[in-house]
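One-letter residues, chain by chain:
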Amino acid sequence: GEDRHGGDMQEWFAAHNGIEQLFLLCAIAGGTVVLLRLVLTIAGLDHQDAALDGAHADSDTGFQLLSIQGISSFFTLFGLVGYTLYRQAHLGAVIALAAALLAGLAAVWLMQRIFIAMLKLQSSGSVKLDSAIGCEGTVYLTVTGAGGSVQISFANRLREFDAVSADGTELPTGTPIRVQRLAASKLVVTRIG
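Everything numeric in this text was worked out from a predicted model, so none of it was measured.

Draft legend 1. A look at the overall build of the chain. A count of helices and strands for the chain gives 4 helices and 5 strands. Seen in sequence order, the chain has helices and strands lined up from the N terminus as α-α-α-α-β-β-β-β-β. Scored against the burial criterion, the 193 residues of the chain give a buried share of 30%. Counted over contacts in the chain with a minimum sequence separation of 6, partners at least 24 positions apart contribute 51%. Total accessible area computed for the chain in this model is approximately 12,000 Å², and 64% of it derives from carbon and sulfur atoms.

As structure tokens, this is what we get:
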């Protein structure tokens, strides 16, 4: 049963030399983190996963997530490329290590490029938030002077935004609202009618 399977895995791993084991461990550890983050993203839980990184929901979050994603991508490619070149292509340890290092660095560079592009999209999207002033919508999650969220038709789509009540009163879910102004990155809203 399972004991035999576990033993087979240990025997398989033990059949590799030290450098092969290093490459395998890097690929398995990095790949596990990459796969876990992919599953969380697909499940829509990636934003909540920031708490696991000890991050806050601000611009630092992106850098912390980038570092976790970048490091795990580095180790995944470092391990896979190194193992393949050393074990399958029978290249020497120095060449395999150098190529693995380059592949890992390329993964980190690519992650940075993707992150920078996402930041540019995010910042260009927040500039347009000014045009939400005057728009009407409904309260999505109860809005108070401390926070909540609203849905408004914005840029030809129904979108959800963080919001605060203009006069501090509680606006329950479903209340029709109008956007008065912006305060930081939140919409300041008032009840319609």
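Having seen the model, we can carry on.
Draft legend 2. Spotlight on the nonpolar core. With 15 residues, the main nonpolar core has Val143, Val150, Ile152, Phe161, Ile177, Leu187 and Val189 as its most contacted residues. Secondary structure elements with two or more residues in this core: β2 (149-154), β3 (157-165), β4 (176-183) and β5 (186-191). Considering every element that reaches this core, the biggest residue donor is β2, with 3 residues. Sequence-distant contacts of Phe161, defined by excluding residues within four places in its chain, comprise Leu129, Gly148, Ser149, Val150, Ile152, Phe154 and Leu187.

Draft legend 3. Region of the structure containing unusual backbone geometry. Positioned with a positive phi, His90 is a non-glycine residue whose angle comes to about 55°. In this structure, His90 sits in the loop between α3 (59-88) and α4 (93-127). His90 gets classed as exposed once you look at its relative accessible area, which sits at 66%. At Ala184, a position not held by glycine, the phi torsion is positive, near 60°. Looking at Ala184, the relative accessible area reads 82%, which means it is exposed.

Draft legend 4. Here's a closer look at the environment of Ala183. Topologically, Ala183 is positioned in strand β4. On the basis of relative accessibility, which here comes to 32%, the residue Ala183 falls in the partly exposed class. Remark: the alpha-carbon pair of Ala183 and Val164, spanning 19 residues in sequence, is separated by 8.5 Å.

Draft legend 5. Molecular detail of the pattern of salt bridges. Inspection of the entire model under this criterion finds 2 salt bridges. Note that Glu20 and Arg87 form a salt bridge whose closest N and O atoms lie 3.1 Å from each other. Placement of Glu20 in helix α2 (residues 18-42) and of Arg87 in helix α3 is noted, with a sequence separation of 67 residues between them. The partner of Arg178 in a salt bridge is Glu136, with the nearest N and O atoms 2.4 Å apart. You can see Arg178 sitting in strand β4 and its partner Glu136 sitting in strand β1 (residues 136-141), a full 42 residues away along the chain. Judged by its relative accessible area of 44%, Glu136 falls in the partly exposed class.

Conventions and cut-offs
Residues numbered from 1 in each chain as written. Predicted model: local features only at pLDDT ≥ 70, side-chain atom pairs only at ≥ 80, totals over all residues. Heavy atoms only, no water. Helix = DSSP H or I, 4+ residues; strand = E, 2+ residues; numbered from the N terminus. Buried < 20%, exposed > 50% of the residue type's maximum accessible area, 1.4 Å probe, protein only. Contact = heavy atoms within 4.5 Å. Areas by Shrake-Rupley, 256 points an atom, 1.4 Å probe, with all protein chains shown as cover. Core = buried A, V, L, I, M, F, W, Y, C linked by side-chain atoms within 4.5 Å. Salt bridge = Lys/Arg side-chain N within 4 Å of Asp/Glu carboxyl O.

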